[in-house]
Amino acid sequence: MAQRPYIVGNWKMHGTRSMLSEARAIDRAAERLIKAEVALAPPFTLIHATRKEAGLIAVGAQDCHPADGGAHTGDISAAMLKDAGASFVIVGHSERRADHGETDADVKAKAEAALGVGLSVIVCVGETEAQRDAGQAEEVVAAQLEGSLPRGEHAPEKTTVAYEPVWAIGTGRTPTVEDVGAMHRAIRARLEQIYGEAGKQVRILYGGSVKPDNAAELLAADEVGGALVGGASLTAESFLGIIVAAAERGEA
Ligand code: PGA
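Note that the coordinates shown come from a computational prediction; the quantities given were computed from them, not determined experimentally.

Definitions and limits used
Residues numbered from 1 in each chain as written. Predicted model: local features only at pLDDT ≥ 70, side-chain atom pairs only at ≥ 80, totals over all residues. Heavy atoms only, no water. Near = heavy atom within 4 Å. Polar contact = N/O pair within 3.5 Å; in protein donor to acceptor, adjacent residues only side chain to side chain. Areas by Shrake-Rupley, 256 points an atom, 1.4 Å probe, with all protein chains shown as cover. Nonpolar A, V, L, I, M, F, W, Y, C, P; charged D, E, K, R; others polar. Helix = DSSP H or I, 4+ residues; strand = E, 2+ residues; numbered from the N terminus. Expected span 1.5 Å × (residues − 1). Buried < 20%, exposed > 50% of the residue type's maximum accessible area, 1.4 Å probe, protein only. Contact = heavy atoms within 4.5 Å. Core = buried A, V, L, I, M, F, W, Y, C linked by side-chain atoms within 4.5 Å. Disulfide = S-S within 2.5 Å.

Caption draft 1: Examining the site of the ligand more closely. Around the ligand sit 13 residues in total, of which Lys12, His93, Glu164, Gly170 and Ser209 are the nearest. Histidine 93 places a side-chain nitrogen or oxygen 2.7 Å from an oxygen atom of the ligand. With respect to the ligand, the side chain of glutamate 164 contributes an N or O atom lying 2.6 Å from an oxygen atom. Contact with the protein chains removes 97% of the 280 Å² of surface that the ligand exposes when unbound. Taken together, the residues of the shell around the ligand sort by class into 4 nonpolar, 7 polar and 2 charged.

Caption draft 2: Main features of helix 5 (residues 104-116). Between the first and last C-alpha of helix 5 there are 18 Å, a value that for 13 residues agrees with the 18 Å anticipated at 1.5 Å per step. For helix 5, every residue scored as buried is listed here: Val107, Lys110, Ala111, Ala113, Ala114 and Leu115. Looking at the buried residues of helix 5, the elements they touch are helix 3 (78-84), strand 4 (88-91), helix 4 (94-99), strand 5 (120-125), helix 7 (137-148) and strand 6 (159-163). Phi for glycine 118, located one or two positions after helix 5, is positive at around 95 degrees.

Caption draft 3: Region of the structure containing the nonpolar core. Within the largest apolar cluster, 67 residues are counted, with the highest numbers of intra-cluster contacts made by Ile7, Val89, Val161, Ile187 and Ile243. In terms of residue count, helix 10 (residues 236-251) provides more of this core than any other element does, 8 residues in total. When neighbours within four sequence positions are excluded, valine 161 is seen to be in contact with Val123, Val125, Leu145, Leu149, Ile187, Leu191, Val202, Arg203, Ile204 and Leu205. Within the second largest apolar cluster, 11 residues are counted, among which are Tyr6, Val8, Ala39 and Phe88.

Caption draft 4: Up close: the state of the cysteines. Applying the stated criterion across every chain, the model contains 0 disulfides. With no disulfide partner, cysteine 64 has as its closest neighbouring cysteine sulfur the one in cysteine 124, 12 Å distant. Among the residues examined, cysteine 124 registers a relative accessible area of 2% and is labelled buried.

In structure tokens, the structure reads:
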């Protein structure tokens with residue numbers, strides 16, 4: 001693995017201030033585990049407090065609006081996230097695509113808005129179970145990448161891709177290591193088509209039921225540069241299990 005493994009916790013719609021102690025514990029441990037790069041995306045309401053409690057890890061958001069500001073009740077702009085202490089934002093998570101009808105074009109607009117204010121982005125892609133069963137997984141992911149990835153001169157340096165098969169999210173099921181490797185190789189090829197030489201450096205994370213006991217195996221798959229972790233990032237104990245596995249890999 002060329003770069004340090006990047007392990008990102010996505011707290012989804014979980015977390016009140018009582019959970020800041022978990023963020024603090026993750027931050028303290030991350031200081032020792034320098035072979036892994038650690039980040040946490042709490043809900044909007046905890047970004048500022050998490051930034052204050054956890055000074056070493058990166059803190060980010062789970063979504064942003066594509067506009068700079070305006071009459072968009074309930075939405076949050078990329079500039080607001082930056083002001084609150086975020087350094088990155090996750091865009092195009094399958095739960096946003098499904099719950100809010102976000103299209104590839106929406107995801108791309110959000111990603112470009114985030115890059116425009118200096119945030120990094122994690123762009124999520126992944127097929128449904130029906131699409132995989134129909135043999136369309138690579139084709140679906142390729143189309144998502146084509147439509148969702150931000151463009152522009154500095155886009156590749158600030159972009160990470162997260163491959164998250166929808167059927168593996170929160171289910172305890174994961175693809176085989178071979179399937180993860182095959183998809184990540186296909187994503188790499190597509191990144192090189194889209195970004196040219198710069199596409200070689202874009203990190204590709206795997207996400208979907210990553211746990212302390214399967215992290216080492218999944219992180220060893222071809223072209224896997226880290227993990228996007230939902231359920232197992234909610235306690236410091238389980239998230240640290242994954243970070244330790246990644247740090248050991250980072251030593252290799
Ligand atoms: P999970 O979620 O780890 O709970 O499967 C991953 C994600 O949705 O980012």
